[in-house]
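Observations on chain architecture
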Amino acid sequence: QVQLVESGGGSVPAGGSLRLSCVASGRTFNFEFMAWFRQVPGGDREFVAAISRTDGTWYDGPTKGRFTIARDNTKNTVYLNMYALKAEDTAVYFCAAAEYGYISDRNSYKLWGQGTQVTVSS
C-alpha cells in the first residue's frame, strides 16, 4: 500500500552536489529505518546511509562526511544530500524502508523504490 518514489538523480561533474528525494505515499511513515542503497551494473545493492525514526543516522565509510541523510515527516520525505561527488559514486540509488532488522542488511528492507540514476563524470 505504501509506495516509495525516488527523484533528483542526474548527471553532474566530479565535485558537484545533488539531492535525492524519496517520497512515501500512503498513510504510514513511521518506519524504524529509512535507508539509501546503491547499485552498479553487475554489482550488489550496497548500503549507503540510514536514518531511524528517532533521527539516529548511519553511513557507509566511503561516503561519510560527503553525504548526509535527513527526513521531513511533514512531507513524508527522506533526503540524501550528496556533496563532493566522485566518479565512483555513479550508481542507481534506491530508497528503502524497514520496520526492524540489521540496519545495513538489504534483506531487512521490505519496501523499495524504483531507483534514480546518478552519474558523476570525472
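Everything below is about the structure shown above.
A brief look at the structure comes next. (Residues numbered from 1 in each chain as written. Predicted model: local features only at pLDDT ≥ 70, side-chain atom pairs only at ≥ 80, totals over all residues. Heavy atoms only, no water.)

**So, the nonpolar core**
Operational definition: Take the buried residues of types Ala, Val, Leu, Ile, Met, Phe, Trp, Tyr and Cys, join any two whose side-chain atoms come within 4.5 Å, and each joined set is a nonpolar core. The rule is simple: take the accessible area with a 1.4 Å probe, protein chains only, and divide by the maximum for that residue type; under 20% is buried, over 50% is exposed, in between is partly exposed. Residues count as neighbours in contact if any of their non-hydrogen atoms are within 4.5 Å of one another.
Of all hydrophobic cores here, the largest spans 25 residues; its most connected members are Leu20, Met34, Trp36, Leu80, Met82 and Tyr93. When sequence neighbours within four positions are dropped, the list of residues in contact with Leu80 reads Leu18, Arg19, Leu20, Trp36, Val48, Ala49, Phe67, Thr68, Ile69 and Tyr93. Phe33, Ala50, Ala96 and Ile103 belong to the second largest nonpolar core, which has 9 residues in total.

**Regarding the pattern of salt bridges**
Rules: Salt bridges are counted wherever a side-chain nitrogen of Lys or Arg sits within 4 Å of a carboxyl oxygen of Asp or Glu. Elements are defined by DSSP. Helices are runs of H or I of four residues or more, strands are runs of E of two residues or more, and each kind is numbered from the N terminus.
Within this structure, the stated rule accounts for 3 salt bridges. Between Arg66 and Asp89 there is a salt bridge whose closest N-O contact spans 2.8 Å. Placement of the pair is Arg66 in the loop between strand 6 (57-59) and strand 7 (67-72) and Asp89 in the loop between strand 8 (77-82) and strand 9 (91-98), with a sequence separation of 23 residues. Judged on exposure class, the residue Arg66 and its partner Asp89 are both buried.

**A look at the pairing of strand 7**
Our working rule: Two strands qualify as a pair provided DSSP detects at least 2 bridges between them.
Going residue by residue along strand 7, you find Phe67, Ile69 and Arg71 tucked away on one face and Thr68, Ala70 and Asp72 left uncovered on the opposite face. Pairing between strand 7 and strand 8: 6 bridges, direction antiparallel. Across the sheet, residue Phe67 finds its bridge partner in strand 8, namely Met82. Following strand 7, the chain reverses through 4 residues before pairing antiparallel with strand 8; Asn76 in that reversal takes a positive phi of roughly 50°.

**Things to note about the state of the cysteines**
What counts is decided by this rule: In this description, a disulfide is simply a cysteine sulfur pair whose atoms lie within 2.5 Å.
This structure, assessed with the given rule, holds 1 disulfide. Between the sulfur atoms of Cys22 and its disulfide partner Cys95 the distance amounts to 2.1 Å. The chirality of the disulfide connecting Cys22 with Cys95 is left-handed, given an S-S dihedral of about -80°. Remark: Cys95 occurs in strand 9 and Cys22 occurs in strand 3 (residues 18-25); sequence separation between them is 73 residues. When sorted by exposure, Cys22 lands in the same class as Cys95, which is buried.

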